[in-house]
Amino acid sequence: MNCFSRLFKNDSKNSKSSNKESDGYRFFSPVRGLAKSITDSKDPAYSQKLVGDGIMILPADNKVYAPVDGKIEFIFPYRHAFGIRTCTNLDLFLHIRIGTEKLKENGFQMFVTEGQEVKQGQLIAEFDLVKLKKHAISPALSVLITNLPNTQRLLSYTDKNVTLEDIIFEIR
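First things first, this report covers the structure right here in the doc. (Residues numbered from 1 in each chain as written. Predicted model: local features only at pLDDT ≥ 70, side-chain atom pairs only at ≥ 80, totals over all residues. Heavy atoms only, no water.)

## Brief notes about the overall build of the protein
What the protein contains, in helices and strands, is three helices and 14 strands. Residues counted as buried form 49% of the 172 residues belonging to the protein. A fraction of 68% describes how many contacts in the protein between residues 6 or more apart in sequence connect residues 24 or more apart. Looking at the protein as shown, the accessible area adds up to about 8,200 Å², and 48% of this sits on carbon and sulfur atoms. (Helix = DSSP H or I, 4+ residues; strand = E, 2+ residues; numbered from the N terminus. Buried < 20%, exposed > 50% of the residue type's maximum accessible area, 1.4 Å probe, protein only. Contact = heavy atoms within 4.5 Å. Areas by Shrake-Rupley, 256 points an atom, 1.4 Å probe, with all protein chains shown as cover.)

Below, the structure written as structure tokens:
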């Protein structure tokens, strides 16, 4: 399965939309946990969608996987955030826990490098869940599209428990 077939996968079982015709870009959950609206974030930059549109997930475990095929564009120096560019040039930003910057590199392990191609479902990072719950302002992992075209909209699936097989949002 190539990048486009994963992004355009036509599978209406995960879609809340009554529209059976689904031509949107689909993004899978990078973690197991509870998906919530990004507007519920404790960080105003996220809740006001200043960084981008997306969702946040309250993780149930400590592993982060690629939600889509793409290329790792950047990894923050403290390894708590990274970006993936899809084959359709959508930029995805994943930020592990709000307030974790003060931990510096402690508690984060990356399994990819900048410039590396990744496949949906590939292990990207692990974090120390106990340490982060103790020190982070928020336990949420933010998943955002930072360059959503004005001609498209994000349809998110929130307020439910998600696994790595669940679609968390679509771009239409």
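Still to come is the rest of the account.
## Brief notes about the packing of aromatic side chains
Summed over all chains, the structure comprises four aromatic pairs. Through successive ring pairs, a cluster of aromatic residues spans F74, F76 and F93. (Phe/Tyr/Trp six-rings, centres within 6.5 Å; stacked < 30°, edge-to-face > 60°.)

## Some details on the sheet that holds strand β1 (residues 25–28)
With antiparallel pairing, three strands are arranged side by side in an open sheet as β1-β14-β12. Of all the strands in the sheet, just β1 and β12 (154–156) have a single pairing partner and so form its edges. Recorded for the sheet is a direction-independent mean angle of 20 degrees between the axes of neighbouring strands. As paired strands, β1 and strand β14 (residues 167–171) are joined by four bridges and run antiparallel to one another. Note that in β14 the partner of F28 across the bridge is I167. (Pairing = 2+ DSSP bridges. Axes fitted to C-alpha atoms, helices over the stretch in contact; angles between N-to-C directions.)

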